[in-house]
Amino acid sequence: MDARAAAAAAPRPAAESPQRSHGTGGHAHPGQHRPGACPGRARRAHAPATHRGEALRQPAVGYTAAPGELCTCVCLKVCASMFVCVCALERFVFICRAQSPSAAKIFPCTRSHSQLAQPAIHPTLRQHFRTLWLALQGAMPTELLPWTLHRMGGPNLSHAQLASDPLAVLRQPRTVLQTPELLEIVLIILENYSFVSRAAAAEQASVVRQRTADAAERAVLMHTLLQAQEAAAVQLLIELCVPNKNEEPDPDVCAHVCRYIHAAFVGNPGLPRAILDAGFPPAALPVLVAGVPSLHVCLDFLPTLMEVDDLALQAFAVRVTGALAPAYPVPKALVAARAAFGRLHAATYLDPGARERFFECALPAVPLMCAAFPPLADAAAVLLVKLRNTEAAAAAGQMGGSSLSAGSTSLQQLLDVTFAQLAEKAILANALFM
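We now turn to the structure provided with this report.

Procedures and definitions
- Residues numbered from 1 in each chain as written.
- Predicted model: local features only at pLDDT ≥ 70, side-chain atom pairs only at ≥ 80, totals over all residues.
- Heavy atoms only, no water.
- Helix = DSSP H or I, 4+ residues; strand = E, 2+ residues; numbered from the N terminus.
- Buried < 20%, exposed > 50% of the residue type's maximum accessible area, 1.4 Å probe, protein only.
- Contact = heavy atoms within 4.5 Å.
- Areas by Shrake-Rupley, 256 points an atom, 1.4 Å probe, with all protein chains shown as cover.
- Axes fitted to C-alpha atoms, helices over the stretch in contact; angles between N-to-C directions.
- Parallel < 35°, antiparallel > 145°, perpendicular 65-115°, else oblique.
- Left-handed = near helix turned anticlockwise from the far one by under 90°.
- Nonpolar A, V, L, I, M, F, W, Y, C, P; charged D, E, K, R; others polar.
- Salt bridge = Lys/Arg side-chain N within 4 Å of Asp/Glu carboxyl O.
- Core = buried A, V, L, I, M, F, W, Y, C linked by side-chain atoms within 4.5 Å.
- Expected span 1.5 Å × (residues − 1).
- Polar contact = N/O pair within 3.5 Å; in protein donor to acceptor, adjacent residues only side chain to side chain.
- Phe/Tyr/Trp six-rings, centres within 6.5 Å; stacked < 30°, edge-to-face > 60°.
- Disulfide = S-S within 2.5 Å.

**Considerations on the overall build of the protein chain**
Counting secondary structure elements, the protein chain contains 21 helices and 0 strands. Burial status across the protein chain gives 40% buried among its 434 residues. Counted over contacts in the protein chain with a minimum sequence separation of 6, partners at least 24 positions apart contribute 68%. Summed over its atoms, the accessible surface of the protein chain is roughly 22900 Å², and 59% of this surface lies on carbon and sulfur atoms.

**Structural notes on the packing of helix 18 (residues 352–362) against helix 21 (residues 410–425)**
For the pair helix 18 and helix 21, interaxial distance at closest approach is 10 Å and the crossing angle is 30°. It follows that helix 18 is roughly parallel to helix 21 by the angle criterion. Judged by the sense of rotation from one axis to the other, the crossing of helix 18 with helix 21 is left-handed. Counting all contacts with helix 18, which are made through Glu-356, Phe-359 and Glu-360, the residues of helix 21 involved are Ser-410, Leu-411 and Leu-414. For the contact of helix 18 with helix 21, the residue count by class is 3 nonpolar, 1 polar and 2 charged.

**Quick word on the environment of Val-382**
Position of Val-382 relative to the elements: it lies in helix 20 (residues 377–399). Exposure remark for Val-382: the relative accessible area of 52% places this residue in the exposed category. Considered as a pair, Val-382 and His-345 are 37 residues apart in the sequence and their alpha carbons are 9.3 Å apart.

**Let's talk about the pattern of salt bridges**
Considering all chains together, one arrives at 9 salt bridges under this definition. A salt bridge links Asp-165 to Arg-171, with the nearest nitrogen and oxygen atoms 3.2 Å apart. For Asp-165, a relative accessible area of 23% puts it in the partly exposed group. A salt bridge links Arg-388 to Asp-416, with the shortest nitrogen-to-oxygen separation between them at 2.4 Å. Separated by 28 residues along the polypeptide, Arg-388 in helix 20 and Asp-416 in helix 21 bring together distant segments of the chain. Judged by relative accessible area, which is 30%, Arg-388 ranks as partly exposed. For Asp-416, a relative accessible area of 44% puts it in the partly exposed group.

**Considerations on the nonpolar core**
Among the nonpolar cores identified, the biggest contains 96 residues, and Leu-288, Leu-302, Phe-341 and Leu-344 are the most heavily contacted of them. Those residues within four positions of Leu-302 in sequence are excluded, and the remaining contacts are Leu-276, Ala-317, Val-320, Thr-321, Leu-324 and Ala-336.

**What to know about helix 16 (residues 311–327)**
The end-to-end C-alpha distance of helix 16 is 25 Å, a good match for the 24 Å that 17 residues give at a rise of 1.5 Å each. Here helix 16 lies mainly inside the structure; 12 of its 17 residues are buried. For helix 16, the full list of buried residues reads Leu-313, Gln-314, Ala-315, Phe-316, Ala-317, Val-318, Val-320, Thr-321, Gly-322, Ala-323, Leu-324 and Ala-325. Residues of helix 16 that are buried sit in contact with helix 13 (271–278), helix 14 (285–291), helix 15 (302–305), helix 17 (331–347), helix 18 and helix 19 (365–372). Capping the start of helix 16 is the job of one residue whose side-chain oxygen sits 3.1 Å from the backbone nitrogen of Ala-312: Asp-310.

**Brief notes about the packing of aromatic side chains**
In this description, an aromatic ring pair is defined by two values, namely the gap between the centres and the angle between the planes. Across all of its chains, the model carries 2 aromatic pairs by this definition. Measuring from ring centre to ring centre gives 5.0 Å for Phe-280 and Phe-316, while their planes differ by 85°; the resulting arrangement is edge-to-face. Residue Phe-280 is located in the loop between helix 13 and helix 14, and its partner Phe-316 is located in helix 16; the two are separated by 36 residues in the primary sequence. Comparing Phe-280 with Phe-316 shows no difference in burial state: the two are buried.

**Quick notes on the packing of helix 6 (residues 123–137) against helix 7 (residues 141–151)**
It is the contact of helix 6 with helix 7, at a shortest axis distance of 9 Å, that shows an interaxial angle of 145°. Counted together, Trp-133, Leu-136 and Gln-137 of helix 6 and Pro-141, Leu-144, Leu-145 and Thr-148 of helix 7 form the full contact between these two elements.

**Description of the side chain of Ser-194**
Mapped onto the elements, Ser-194 comes out in helix 10 (residues 180–211). With relative accessibility at 9%, the residue Ser-194 sits in the buried group. Here Leu-190 takes part through its backbone oxygen, which lies 2.8 Å from a polar atom of the side chain of Ser-194.

**Re the state of the cysteines**
What the rule picks out here adds up to 0 disulfides. You can see Cys-241 has no disulfide; the closest cysteine sulfur is in Cys-254, sitting 3.9 Å from it. We classify Cys-241 as buried; its relative accessible area is 0%.

Structure representation (structure tokens):
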């Protein structure tokens, strides 16, 4: 009896007292690490319930990552300064919800948010920062929006200054604008200040209309100024969708830009015409046509744009027609395509230098228009043969000979490529162009 009582009173060995590791689903000692499990999760399972940001900042003690294993602790150490910033924002969320007047004192405690754009920062941290910022947006936007722009590396401007000049919102480092999470925040700020600027301009126009006789002229000037501001902002955003020589644009960045441009076109029907009049890099057209559903409204302005005196704008209008015609094969696109072929035929009589610049920009649109509207293939064949003969004659005249192969300029090489694309896209025989 005494032996059994002594055995019952004795402590059990460690092997007979299994404890379940929360979050891992297995049985392991709190100080041990089960292979294949995340060390951070096992450590947080037995830590006291603290603030989420404090738990994330706990250092990795007594753990060595195996080769090739994704170690969350290493990521946290690399992003230590950014987690301090995020935790300060978390505290700021709670202070704002409590409507404390000391909430603004949190601003100097946070560090530069432009560091979030660095490649070493884990995407999860940027997503966490975005979620926190969206929660803060409705709390005190008058203080949050200018402060955010300044912390991202932009100018240190007040709320009133940004409302009078919304274009200053985009004066951010290139790395910030190329980071999807930060670009989304910048676009939200830009949309807010564009709305504030339009509302202030409308209020000022109503006051001027009641007091002065030339109110109509001033209203037109104010509208033109706002239109120019919004067009400039859209052009700066389009630059983010232009592929570089080294890399293609980030698809998430292009998606954010296209959503903003679509909303701007819907809210301001005159903005597409302003964008076309100013022009933008043609290399961004495939991204814009695929991502901006309201871009088809440009078909209404393209025939008029082809009648201007600026040859660069004429070539740009032809290029836009070629990009929109396959996506929107509607009667308006056919009218614009026919106007484009008329402008292309007229451009064959330009001087050699102007002709080469014009067709280097406009000629890639020919196979696209013929793919959308196959009856235009005959007119395209006539145009290309005429242009080839014109270039060959000009090259032969410069060299003092009569050989048609004397001219091996870049335009003639582009003509060969266009012939091949036309034969493929319009389903025509190559013998037709010989």
